[in-house]
Amino acid sequence: MSSAPSAVSVCQQRQRERRRRRASDQDGMVASRAKRKGSPCQQDDGSQGGETELYSGPTLPEDIWNHIHSLMPMRDAARAACVSHAFLRSWRRHPNLNFSNKALGLKENEYGMDESDGFFYSTVEHILKMHSGIGVKRLKIQITSDYSAKGSCFFNRWLQTAVTPEIEELTLLLPTRTKYNFPCTLLSNGSGDSIRYLHLVECSFRPTVMLGCLRSLTRLHLCFVRIKDDELGCLLSRSLALERLEIRYCDEIVCLKVPCLLQQLRHLEVVACSRLKVIHNEAPSLSSSLFEGINKVQLLLGETLHMKNLHMSRSGVIFYARSELPSSMPNLESLYIHSRYERTHIPMLHSKFIHLKHLIISLIVNGAPSSPAYDYLSLASFFDAAPSLETFDLRVCQIHMGHVSIFADLRQMQGQQHHHNLKSVKISGFCCAKSMMELACNVLERVISLECLILETPQSGVTCSHPGNNGKCTPLDRDIVMEGHRAVLAIKTYIEPKVPSTVKLHVLGPCSCHDVEL
């Protein structure tokens with residue numbers, strides 16, 4: 001006689017049946033939304049109620065749900081809001097809004113240009129309609145396609161919704177040659193009080209005396225922004241908490257004046273502002289600076305005793321660094337200098353970089369037989385000047401391979417002292433120029449603390465095994481390949497015999513597929 005099912009088994013069957021129904025409902029609901037490719041969530045409470053019952057989730061305090069939801073990427077957070085009442089409520093106050101093709105799941109080839117643009121604008125519109133505008137901490141808008149005049153209306157509406165007194169980070173990245181005027185009034189009347197990071201690309205920014213006080217702004221990044229000297233001055237005078245200032249490709253600036261009011265400013269970057277003539281810094285606490293594309297710019301850096309990290313790119317900067325910086329920036333710890341066509345050799349001076357630990361020199365030389373050969377051995381002056389130096393990285397790019405290999409009677413620098421801290425030396429673009437061989441030998445003879453010497457010949461990084469080469473090297477000019485093989489032969493002949501047993505020598509020559517007869 002068969003026994004009746006137990007109460008436990010009946011209960012288990014009912015639970016399994018309920019789970020299957022619930023999973024089926026959720027799968028159907030998610031599938032219906034998957035048809036809207038790239039759209040995170042385009043339905044509100046009313047439209048969802050007639051389709052299916054949303055999962056309410058476990059009972060947790062609302063602030064915990066909000067915190068969990070805020071940690072999700074925006075697209076995942078929007079999807080979660082489609083299947084959970086708790087997440088749907090927190091979605092209306094989601095703090096991180098990132099509007100870009102990638103964040104919205106739009107693929108470049110999936111739509112035509114017009115359709116993709118329209119879908120982007122409509123999706124952002126819908127998301128912001130569902131969002132209350134309350135609680136937004138970070139807003140990023142990135143437009144990668146062509147911009148039209150109608151975009152201004154959209155941008156203004158989006159910014160008015162999301163930029164509230166709670167906003168902390170605002171990023172607006174627009175396409176090249178966009179004619180959009182950023183509404184500075186958004187940052188007035190207390191709306192800019194909490195903003196900590198402002199990043200604008202390809203727009204006009206015209207602050208006036210009516211601009212509110214940006215009391216919390218610590219980082220300002222302007223790139224391809226149309227802003228004049230007085231307008232930038234007005235902005236900086238209202239950003240007294242600023243710690244990091246980055247100005248790139250802002251071609252309306254002629255004189256960049258950093259006022260002494262910026263007592264907290266630690267980092268200054270200025271890159272390739274074509275009309276810039278003067279950089280005048282009065283901020284007293286700068287400790288890190290980057291200057292590129294400033295060949296004809298007058299530098300008035302003011303108080304630089306706190307400067308510890310400097311990156312500078314301009315013609316003649318190697319000579320300038322050795323002759324001027326030890327006295328003006330005596331506390332430098334890291335120095336990166338890039339020079340094109342350095343014509344003057346480095347002098348031997350008594351001035352010191354007492355605290356310099358890391359030095360990178362990037363040098364572009366002509367190399368043609370008709371051009372004067374650069375004296376690489378003169379760079380050894382930095383070893384005398386920097387007794388605390390730990391790493392030295394020389395990166396050489398030769399436009400022409402015209403050096404004559406002459407190794408007889410290599411020079412030795414007189415009166416040089418042993419170096420006790422330099423551990424790693426790397427020379428990229430190593431060729432068989434006599435002065436470069438002399439520099440390598442000088443390192444081996446005087447640096448008793450040396451642990452590693454790396455010598456890389458021109459274009460030695462281009463090999464068959466490189467991930468992007470698909471097992472085949474990029475073709476190279478015969479002159480470059482021959483120079484690489486000659487440099488390897490010179491290293492074996494003149495440098496390897498001088499390498500102490502305590503030093504690891506790494507030589508990277510041309511790929512084996514570039515064999516030539518010397």
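Residues numbered from 1 in each chain as written. Predicted model: local features only at pLDDT ≥ 70, side-chain atom pairs only at ≥ 80, totals over all residues. Heavy atoms only, no water.

## Things to note about helix α9 (residues 317–328)
Right, so step 1: The terminal C-alpha atoms of α9 lie 14 Å apart, and with 12 residues this falls more than 12% below the ideal 16 Å at 1.5 Å per residue.
Right, so step 2: Along α9, the residues classified as buried are V317, I318, A321, R322, L325 and P326. Viewed along the axis of α9, the buried residues span an arc of 140°, placing them on a single side of the element.
Right, so step 3: In this fold, the buried residues of α9 make contact with β12 (309–313), β13 (334–340), β14 (358–365) and α10 (381–385). (Helix = DSSP H or I, 4+ residues; strand = E, 2+ residues; numbered from the N terminus. Expected span 1.5 Å × (residues − 1). Buried < 20%, exposed > 50% of the residue type's maximum accessible area, 1.4 Å probe, protein only. Arc of directions from axis to C-beta. Contact = heavy atoms within 4.5 Å.)

## Quick look at helix α4 (residues 74–81)
For an α-helix the count is 3.6 residues per turn, leaving residues at separations of three or four pointing the same way.
Right, so step 1: What α4 keeps buried is the set M74, A77, A78, A80 and A81. Angularly, the buried residues of α4 cover 160° about the axis, an arc narrow enough to put them on a single face.

## So, the pairing of strand β16 (residues 424–428)
Right, so step 1: The pairing of strand β15 (residues 391–398) with β16 spans five bridges and is parallel. By the bridge assignment for β16, L394 is matched with I427.
Right, so step 2: By the bridge criterion, five bridges tie β16 to strand β17 (residues 452–456) in an arrangement that is parallel. Residue pairing in the sheet places S424 in a bridge with C452 of β17. (Pairing = 2+ DSSP bridges.)

## Brief notes about unusual backbone geometry
Right, so step 1: Within the chain, E202 stands out as a residue other than glycine whose phi angle is a positive 60°.
Right, so step 2: Note on placement: E202 falls in strand β4 (residues 197–204).
Right, so step 3: For E202, a relative accessible area of 8% gives the class buried.
Right, so step 4: Notably, Y249 is not glycine yet its phi reads approximately 55°, a positive angle.
Right, so step 5: With respect to the secondary-structure elements, Y249 resides in the loop between β6 (244–248) and β7 (255–258).

## Overview of the side chain of S428
Right, so step 1: With respect to the helices and strands, the residue S428 is situated in strand β16.
Right, so step 2: Aside from chain neighbours lying at most four places away, what touches S428 is L394, R395, V396 and E456.

## Concerning the pairing of β13
Right, so step 1: Here β12 runs beside β13; their pairing, made up of five bridges, is parallel. Paired with S313 across the two strands is H338, which belongs to β13.
Right, so step 2: In this region the chain leaves β12, passes through α9 and returns to the parallel neighbour β13; the handedness of that crossover is right-handed.
Right, so step 3: Inspection of the sheet shows β13 paired to β14 by seven bridges, in the parallel sense. Each bridged residue has a counterpart across the sheet, and for R340 the counterpart in β14 is I364. (Right-handed = clockwise from strand over helix to strand, strands pointing away.)

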